[in-house]
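Letter by letter, the chains look like this.
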Amino acid sequence: MSEPFIRIRNLHQTFGTQHVLRGVNLDIYRGETLVLLGASGGGKSVLMKHLPVLLRPTKGEIFVGDVEVTKLLERELGPTRHQIGMMFQGGALFDSFTVFENVAFPLREESDLKDSEIRKRVSDALEIVMLSEHREKFPSDISGGMRKRVALARAVVNAPACIIYDEPHAGLDPMTGDTIDKLIKKLQREQGITNIVITHEIRSVFRIADRVVFMKEGQIYWIGTPQELEATKDQLLRDFIEGNAQDD
Ligand SMILES: Nc1ncnc2c1ncn2[C@@H]1O[C@H](COP(=O)(O)OP(=O)(O)O)[C@@H](O)[C@H]1O
Ligand SMILES: [Mg+2]
């Protein structure tokens, strides 16, 4: 494989007395779909929030390309946050905004694009997630699966190099979950996007992952391909695959 796109080095994070990340080391390659697994409360979301520097580590470094992003000042983070889009757990949509306005929000917030350009980019993003006909609806008028797709369009609209999906399958029926998986792979294939997917949906792991990472107690416990995961004799991983995990 080529040079890593994102390098996480000895990352630590502490909240009060809780030592959530305990020296995470991880390389992420350009154009891959990496799936991040691990028990609830294990620090997966916390780890990922460090990539666009929404959280600052108590120790350690992250490099995105050649840039040590953990060193940047708040006002220097614009380009990094443009490169790394995030689809948050729960979607975090504005109830009083239409689908269109929800997707336009990041563009209106942080760019001086002309309104016509904003409308074009939002239309393109809505087309990717197949929501063009629903652009004038409000979040309360569409299904849970569609709300996830709105959140995805909002992550895509800035044309990021990397998208982090925090539990995109949570609360979805299997068919809707499959739609999300297809979109994730389409973004990888057609736009070369680097995907990082946090999920508990083991079915999806085998459908979308190029590599799988398992976190435990604030560290990387295991890394491998889906084939290696399927063949593993590690009991913790087997319990997870077979759905015996004491989780949620
Ligand atoms: N901003 C925060 N302040 C304090 N504690 C937090 C914060 N964010 C997460 N935590 C705690 O860190 C731990 C890991 O959380 P999280 O990364 O959300 O787990 P998960 O692996 O389920 O995504 C949890 O115990 C959570 O309560
Ligand atoms: Mg989480």
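As shown above, the structure is provided for reference.
Reading guide: rules and limits
Residues numbered from 1 in each chain as written. Chains lettered and ligands numbered in written order. Predicted model: local features only at pLDDT ≥ 70, side-chain atom pairs only at ≥ 80, totals over all residues. Near = placed C-beta within 6 Å. Helix = DSSP H or I, 4+ residues; strand = E, 2+ residues; numbered from the N terminus. Nonpolar A, V, L, I, M, F, W, Y, C, P; charged D, E, K, R; others polar. Buried ≥ 20, exposed ≤ 12 C-beta atoms within 10 Å, placed from the backbone. Core = buried A, V, L, I, M, F, W, Y, C linked by C-beta atoms within 7 Å. Contact = placed C-beta atoms within 7 Å. Pairing = 2+ DSSP bridges. Axes fitted to C-alpha atoms, helices over the stretch in contact; angles between N-to-C directions. Parallel < 35°, antiparallel > 145°, perpendicular 65-115°, else oblique. Left-handed = near helix turned anticlockwise from the far one by under 90°.

**Q** Report on the site of ligand 1, specifying residues and quantitative values.
**A** As a structural note, the neighbourhood of ligand 1 is formed by Phe15, Val20, Gly38, Ser40, Gly41, Gly42, Gly43, Lys44, Ser45 and Val46. With three residues, helix α1 (residues 44-49) is the single largest residue contributor to the shell around ligand 1. Considered class by class, the residues forming the shell around ligand 1 number three nonpolar, six polar and one charged.

**Q** Summarise the environment of Ala39; cite the residues concerned and give the values.
**A** Structurally, the position occupied by Ala39 is in the loop between β3 (33-38) and α1. Under the C-beta neighbour-count criterion, Ala39 is labelled partly exposed, with 18 such atoms within 10 Å. For the pair formed by Ala39 and Phe240, sequence separation is 201 residues and the distance between their alpha carbons is 8.8 Å.

**Q** Got a sec to walk through the nonpolar core? Specific residues and values, please.
**A** Of all hydrophobic cores here, the largest spans 60 residues; its most connected members are Val35, Leu36, Val103, Ala153 and Ile164. Considering each element in turn, this core owes the most residues, six residues, to helix α5 (residues 144-156). Ignoring sequence-local partners within four residues, the contact set of Val35 consists of Val197, Thr199, Val205, Ile208, Ala209 and Val212.

**Q** Report on the pairing of β3, specifying residues and quantitative values.
**A** In terms of burial, β3 is largely enclosed, as six of its six residues are buried. Residues Thr33, Val35 and Leu37 line one face of β3 and the alternating positions Leu34, Leu36 and Gly38 line the opposite face, and both faces are buried. Summarising the sheet, β3 and strand β8 (residues 194-198) pair through four bridges and their orientation is parallel. Directly across from Val35, in β8, lies its bridge partner Val197. The sheet contact formed by β3 and strand β9 (residues 211-216) spans five bridges and is parallel. Bridge assignment links Leu36 to a residue of β9, and that residue is Val213.

**Q** Tell me about the sheet that holds strand β4 (residues 59-64), and name the residues and values.
**A** Pairing within the open sheet is antiparallel, and its four strands lie in the order β2-β1-β4-β5. Among the strands making up the open sheet, the edge pair consists of β2 (18-29) and β5 (67-68). Looking at chain direction, β4 and β5 are connected through two bridges and run antiparallel. Note that in β5 the partner of Phe63 across the bridge is Glu68.

**Q** Run through the pairing of strand β10 (residues 219-224), naming residues and quoting values.
**A** Pairing of β9 with β10 involves five bridges; the strand directions are antiparallel. Among the inter-strand pairings, Val213 is bridged to a residue of β10, identified as Ile223. Linking two consecutive strands that pair antiparallel, namely β9 and β10, is a turn of two residues; a positive phi of about 50° is found at Glu217 within it.

**Q** Can you tell me about the packing of helix α3 (residues 99-110) against α5, naming the residues and giving the values?
**A** Where α3 contacts α5, the two axes come as close as 8 Å, and the packing angle between them is 30°. Between α3 and α5, the crossing angle belongs to the class labelled roughly parallel. Helix-helix and strand crossings are classified by hand; for α3 and α5 the assignment is right-handed. Facing Val99, Asn102, Val103, Phe105 and Pro106 of α3, the residues of α5 in contact are Val150, Ala153 and Arg154.

**Q** Got a sec to walk through the sheet that holds strand β7 (residues 162-166)? Specific residues and values, please.
**A** Sheet strands pair by backbone hydrogen bonding; their relative direction is either parallel or antiparallel. An order of β6-β7-β8-β3-β9-β10 is seen for the six strands of this open sheet, with the pairing classed as mixed. With partners counted over all chains shown, the strands left at the sheet margins are β6 (84-87) and β10, one partner each. For this sheet, the mean angle separating the axes of adjacent strands, direction not counted, is 20°. Packing against the sheet, α5 makes contact with β6 and β7, and its axis sits at approximately 170° to β6. Lying on the sheet, helix α6 (residues 174-191) is in contact with β3, β7 and β8; it crosses β8 at an angle near 160°.

Don't take any of this as a statement about function, it's just geometry.
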